[in-house]
Amino acid sequence: MPELATTKRLTRPMIVELIERHGLAPSRALGQNFLCEPGTVDKIVRLAGVAAGDRVIEIGPGLGSLTLGLADSGADVIAIEADRYLMRPLTEVLETAGLRDRVKVVHADALEMDWGSLVGPGTWKVIANLPYNVSTPLILDLLRDQPTLVDWLVMVQQETGERLAAGSGSRTYGIPSVLLSYWATARVIDTVPNSVFLPRPRVGSALLRITRHADAPIGASFDRFATLVRAGFGQRRKMLRRSLAGLLTIEQIERTGIDPTARAESLTPAQWGALANL
Ligand code: SAM
């Protein structure tokens, strides 16, 4: 792949060649849909505002399509990949492009690894084409556990993105939307066609921007907040006075100005916060 040294981008024929030469079979279980359209990589890098010196975490670098764009913009990248069979082709791609020095490749499961020793102090951007089957737990767990991950631009399944970014009153508003709101705000900023991936995913894709709150808007602990939200949405057809019985009294709910006969989906994240703060 001599042109990789000059273009520093992976095209569809290059990805096909890498898959064949390394005897790979893209794994559905690991959500392996590789970006094979350099224009989309450039767009993600631009929308993420990556600049020289930025510290970027990429979860699931795959064959390196997005990693190249991030490193080429001058960022220092930590790329965490769960599939050991991708280590060789990924390293080869980065070396050929002359960008190996900018990227620390870590072979680990991002849901299980020891993040503390990897990221240390200081803030990070998270820019990734996430494995779709685990993107919601990845996002919610890392928002909870890793406060140094502050600005995110991630590709997710479109439905997942809409659910995480939804506000009350929206059809897709639910537990993930409210739990995310404890830590951050989220917005779907673009959709992405299936044609830019190899293999093509069966679902639509979207770019989700997540911005961590500078100051926590809710005083109560996340565990308290999450217990109430899960109880409320767990019985979403029931009125709050029923679904939250045992956790809050009717008088307590009324004290926040919330109608105890309302249902979970009609409460804004701020109102869930008010209930948790009681
Ligand atoms: N970033 C590459 C691209 O855009 O072409 C690949 C994206 S692909 C949608 C998701 C990647 O995440 C795959 O390489 C997969 O092996 C990896 N992956 C899946 N589960 C993971 C996990 N728990 N931790 C780290 N990487 C994971």
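*Asks:* Could you clarify how one ought to interpret the site of the ligand in this entry?
*Replies:* Around the ligand lies a shell of 22 residues, among which Leu 35, Gly 60, Glu 81, Asp 109 and Asn 129 are the nearest. Leu 35 places a main-chain nitrogen or oxygen 2.7 Å from an oxygen atom of the ligand. Here Gly 60 contributes a backbone N or O atom positioned 2.7 Å from a nitrogen atom of the ligand. Given that more than half its atoms are within 2 Å of the pocket grid, the ligand belongs to the largest pocket. Looking at the shell around the ligand, the elements that each hand over two or more residues are β1 (34-35) and β3 (76-81). In terms of residue class, the shell around the ligand is built from 11 nonpolar, seven polar and four charged.

*Asks:* Can you help me understand unusual backbone geometry in this one?
*Replies:* Leave glycine aside and you will find that most residues have negative phi; peptide bonds, for their part, are mostly trans. Backbone torsion omega between Leu 198 and Pro 199 reads -10°, so that peptide bond is classified as cis. Turning to its location among the elements, Pro 199 is positioned in the loop between β8 (197-198) and β9 (205-212).

*Asks:* Mind showing me how you'd approach the domain arrangement of the protein here?
*Replies:* As assigned here, the protein comprises domain 1 (2-212) and domain 2 (222-277). For domain 1 versus domain 2, the separation of C-alpha centres amounts to 35 Å. Contact with domain 1, which involves 11 residues of that partner, is made by 14 residues of domain 2. Both faces considered, domain 1 and domain 2 share a buried interface measuring about 1,100 Å² in area, 74% of it formed by carbon and sulfur atoms. In this structure, the connection of domain 1 to domain 2 is made through three residue pairs in polar contact (both at pLDDT 80 or more). Of all the elements, helix α9 (residues 175-183) adds the most residues to the side of domain 1 that touches domain 2, at six residues. Here the side of domain 1 that touches domain 2 is built from residues that sort into six nonpolar, four polar and one charged.

Rules behind the numbers
- Along each chain, the written sequence defines residue order, and numbers are assigned to residues from 1.
- Reporting in this predicted model follows two pLDDT cut-offs: at least 70 for local features of residues, and 80 or more for side-chain atom pairs to be given and counted; totals over whole chains, interfaces and linings ignore these cut-offs and use all residues.
- Hydrogens and water are ignored here; the side-chain numbers use all heavy atoms of the structure.
- Near residues are defined by distance, with any heavy atom within 4 Å of the molecule or strand qualifying the residue.
- Here a polar contact means two N or O atoms within 3.5 Å. Within protein one must be a hydrogen donor candidate and the other an acceptor candidate, and residues neighboring in sequence count only if both atoms are side-chain atoms.
- Grid points spaced at 1 Å over the protein atoms alone were grouped into cavities, where a 1.4 Å probe fits but cannot get out, and pockets, open sets with protein on both sides within 12 Å along at least five of seven lines, with lining residues defined by an atom within 4 Å of a point.
- For a cavity or pocket, the test is whether more than half of a molecule's atoms lie within 2 Å of its grid points; if they do, the molecule sits there.
- Per the convention used, a helix needs a DSSP run of H or I reaching at least four residues, while a strand needs a run of E reaching at least two, with both numbered from the N terminus.
- Only Asp, Glu, Lys and Arg are considered charged, only Ala, Val, Leu, Ile, Met, Phe, Trp, Tyr, Cys and Pro nonpolar, and every remaining residue, Gly among them, polar.
- Domain limits in this description derive from either an automatic procedure or a database domain assignment.
- Whether two residues touch is decided by their heavy atoms; if any such pair falls within 4.5 Å, the residues are in contact.
- Here's the idea: put two parts together, see how much 1.4 Å probe accessible area each one loses, and the total over both is what we call buried area.

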